[in-house]
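# Observations on the model geometry
What follows is the residue order along each chain.
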Amino acid sequence: MTKCVFCGKEESPYKGVHLIKNDGSTSFFCSSKCRRNALNLKRDKNKLKWTEAFRITRQRGIEKKNRDTESKAKKELKTEEKKEEVKESKK
Ligand SMILES: [Zn+2]
């Protein structure tokens, strides 16, 4: 499995295009979409939402996971506090 230079997707080396420049550097594009965006349209991969580079620069996945776990932990704490309050009020 080789990694696409543009989108960062792991893809079979038999699929897509391997571009070998005159200086010997190789770059693998998983699809024509990635190849066109990089070479013809000259788009910045850090500004496109569907690339891995964007996710890494904005740390989207990591932040979301952290937020979810934090909110869950807060909810659990709140429910525990409420339960304690109910117990105290009953006494
Ligand atoms: Zn790609």
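Anyway, here's the lowdown on the structure attached to this text.

What counts as what
Residues numbered from 1 in each chain as written. Predicted model: local features only at pLDDT ≥ 70, side-chain atom pairs only at ≥ 80, totals over all residues. Helix = DSSP H or I, 4+ residues; strand = E, 2+ residues; numbered from the N terminus. Buried ≥ 20, exposed ≤ 12 C-beta atoms within 10 Å, placed from the backbone. Contact = placed C-beta atoms within 7 Å. Pairing = 2+ DSSP bridges.

### Regarding the overall build of the protein
Scanning the protein from N- to C-terminus turns up three helices and four strands. Its helices and strands taken in sequence order, the protein reads β-β-β-β-α-α-α from the N to the C terminus. Looking at the 91 residues of the protein, the share that counts as buried comes to 10%. If you take every contact in the protein between residues at least 6 apart in sequence, the share linking residues at least 24 apart comes to 33%.

### Concerning the pairing of strand E3 (residues 17-20)
Sheet analysis places E3 next to strand E4 (residues 26-29), joined by four bridges and oriented antiparallel. Within E4, the position partnered with Val-17 by the bridge is Phe-29.

### A short note on the environment of Phe-29
Mapping Phe-29 onto the fold places it in strand E4. As a C-alpha pair, Phe-29 and Leu-19 span ten residues in sequence and 7.7 Å in three-dimensional space. Setting aside residues no more than four positions away along its own chain, Phe-29 makes contact with Cys-4, Val-5, Phe-6, Gly-16, Val-17, Leu-19, Cys-34, Arg-35 and Ala-38.

### Some points on unusual backbone geometry
Within the chain, Lys-42 stands out as a residue other than glycine whose phi angle is a positive 50 degrees. In this fold, Lys-42 is placed in the loop between helix H1 (32-40) and helix H2 (52-58).

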